[in-house]
Amino acid sequence: AGFIETSLDGALIRTPEGNYIGGFNHNDLLLPDNITQGFAPDFSVGVYFNQERYFAGVALHHAAFSNASIPSPAGKTRLIFTQNLSFMGGYDFTAGSKLKIMPNALIKTDLKQVQTDIALNFTIIEKVLTGASLRGFSGKTIDALAIFFGVRIKGFQAVYSYDANLSYLSKFNSGSHEISLQYSYPLKKKEVKGYFYHNPRFN
């Protein structure tokens, strides 16, 4: 459960019917003329299975049909976040005493379109993380190539990744950067200590 914050800068939009000579008019009451923001509650649900060698999971995003309202000349414009399904899985192969290789995949769909992420992760001496992933599976769906590098020290993990766009959108962006931090706190099992009472009658 959480919240979605979204914004729209209407001053950067140009419509075919708009008039932008000597003034600013989209001729569209649903579009704002400046920066507007909206918030919406969001709920997702999923199931995740994990063992030492493999993992698998399925999730439903925007389970409650989340929508955010932003101010516009018409009053309010609703932005609807459609439901989508995600399937993921991977298997860890040991290649020697210091290297692990995990191929994995993420499949996302709104039951109309399908998007895939195929990745290959490497773990070196249990401390260094690196790998790459490709988004898309055919000439028309290839979208981006991501590479990442990280370190794992005890329960702390830090990863940096760079996402390079491979589609026609590469003309409009130079990629994106992401830094993720994670700390895993181990849960210790409570040990019940036994107490012995020595009775000389039953030795």
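Position labels on residues start from 1 in each chain and follow its written sequence. The predicted origin of the model limits local features to residues at a pLDDT of at least 70 and limits the giving and counting of side-chain atom pairs to 80 or more, whereas totals for whole chains, interfaces and linings rest on all residues. Note that the side-chain values use all heavy atoms of the structure and ignore hydrogens as well as water.

Visitor: Please explain the overall build of the protein as it appears in this structure.
Guide: Secondary structure follows DSSP: runs of H or I at least 4 residues long count as helices, runs of E at least 2 residues long count as strands, and numbering of each begins at the N terminus. Along its length, the protein carries zero helices and 14 strands. Listing every helix and strand of the protein by position from the N terminus yields β-β-β-β-β-β-β-β-β-β-β-β-β-β. Atoms counted for the radius of gyration: C-alpha only. Globule rule: 2.2 Å times the number of residues to the power 0.38. At 25 Å, the protein has a C-alpha radius of gyration far larger than the 17 Å of a compact globule built from 203 residues. Viewed in the frame of its principal axes, the protein has a C-alpha envelope of about 105 × 45 × 30 Å. Only protein chains enter the calculation, and the probe is 1.4 Å; a residue is then buried if its accessible area is under 20% of its type maximum, exposed if over 50%, and partly exposed in between. Scored against the burial criterion, the 203 residues of the protein give a buried share of 23%. By definition in these notes, contact holds between two residues if any of their heavy atoms fall within 4.5 Å. Taking all contacts inside the protein whose residues are at least 6 apart in sequence as the whole, residues at least 24 apart take part in 34%. For the protein, the exposed surface amounts to about 15400 Å²; the carbon and sulfur share of it is 61%. Here the Shrake-Rupley method, with its probe set to 1.4 Å, supplies the accessible areas, and only the displayed protein chains count as covering residues.

Visitor: Looking at this structure, I do not really get the pattern of salt bridges. What am I missing?
Guide: If charged atoms from side chains of opposite charge come close, those side chains can pair. Here, a salt bridge means any Lys or Arg side-chain nitrogen found within 4 Å of an Asp or Glu carboxyl oxygen. Going through the model one piece at a time under the given rule, you end up with five salt bridges. In this structure, Asp-143 engages Arg-135 in a salt bridge whose closest nitrogen and oxygen atoms are separated by 3.2 Å. This pair shows no difference in class: Asp-143 is buried, exactly as Arg-135 is. One salt bridge in this structure joins Asp-163 and Arg-135, with 3.3 Å as the shortest N-O distance. Placement of Asp-163 in strand β13 (residues 156–165) and of Arg-135 in strand β11 (residues 128–135) is noted, with a sequence separation of 28 residues between them. For Asp-163, a relative accessible area of 18% puts it in the buried group. What makes Arg-135 buried here is its relative accessible area of 18%. If you follow the salt bridges from partner to partner, you end up with Lys-108, Asp-117, Arg-135, Asp-143 and Asp-163 in one network.

Visitor: Got a minute to help me understand the side chain of His-62 in this structure?
Guide: Tracing the chain through its elements places His-62 in the loop between β4 (54–61) and β5 (67–72). Aside from chain neighbours lying at most four places away, what touches His-62 is Ile-4, Asp-42, Phe-43, Ser-44, Phe-81, Thr-82, Gln-83 and Asn-84.

Visitor: Help me understand unusual backbone geometry in this model?
Guide: Glycine aside, residues mostly have negative phi angles, and peptide bonds mostly take the trans form. With phi around 55°, Asn-27 is a residue other than glycine that occupies positive phi space. Following the sequence through the fold, Asn-27 ends up in the loop between β1 (2–9) and β2 (35–42). Its identity as a non-glycine residue notwithstanding, His-62 has a phi of 55°, on the positive side.

Visitor: Quick question: what am I supposed to make of the side chain of Thr-36 here?
Guide: By secondary structure assignment, the location of Thr-36 is in strand β2. Residues contacting Thr-36, with those up to four places away along its chain left out, are Thr-6, Ser-7, Leu-8, Ile-70 and Pro-71.

Visitor: Is there a simple way to explain the confidence of the model for the protein in this structure?
Guide: Detailed reading of predicted coordinates is not advised where the pLDDT is low. Per-residue confidence for the protein gives a mean pLDDT of 87, with 94% of residues at or over 70. Here strand β6 (residues 75–80) stands out as the least confident element of the protein, with mean pLDDT 82; strand β7 (residues 84–91) is the most confident, with 95. pLDDT measures the predictor's confidence residue by residue and takes values from 0 up to 100.

Visitor: Would you mind showing me how to read the pairing of strand β9 (residues 99–109) here?
Guide: Consecutive residues of a regular strand have side chains that alternate between opposite faces of the sheet. In short, DSSP must find at least two bridges between two strands for them to pair. The pairing of β7 with β9 spans six bridges and is classified as antiparallel. From the neighbouring strand, Ser-86 faces β9, where its bridge partner is Lys-108. As paired elements, strand β8 (residues 93–94) and β9 share two bridges and run antiparallel to each other. Following the sheet pairing, Thr-94 is matched in β9 by Lys-100. The hairpin formed by β8 and β9 contains four residues between the paired strands, and Gly-96 there has a positive phi angle of roughly 90°. Across 11 bridges, β9 lies against strand β10 (residues 114–124) in antiparallel orientation. The partner of Asn-104 across the bridge, within β10, is Ala-119.

Visitor: Looking at this structure, I do not really get the environment of Phe-148. What am I missing?
Guide: With respect to the helices, strands and loops of the structure, Phe-148 is situated in strand β12 (residues 144–153). If we skip the residues at most four places from it in the chain, Phe-148 touches Asn-121, Leu-129, Thr-130, Gly-131, Ala-132, Val-159, Tyr-160 and Ser-161.

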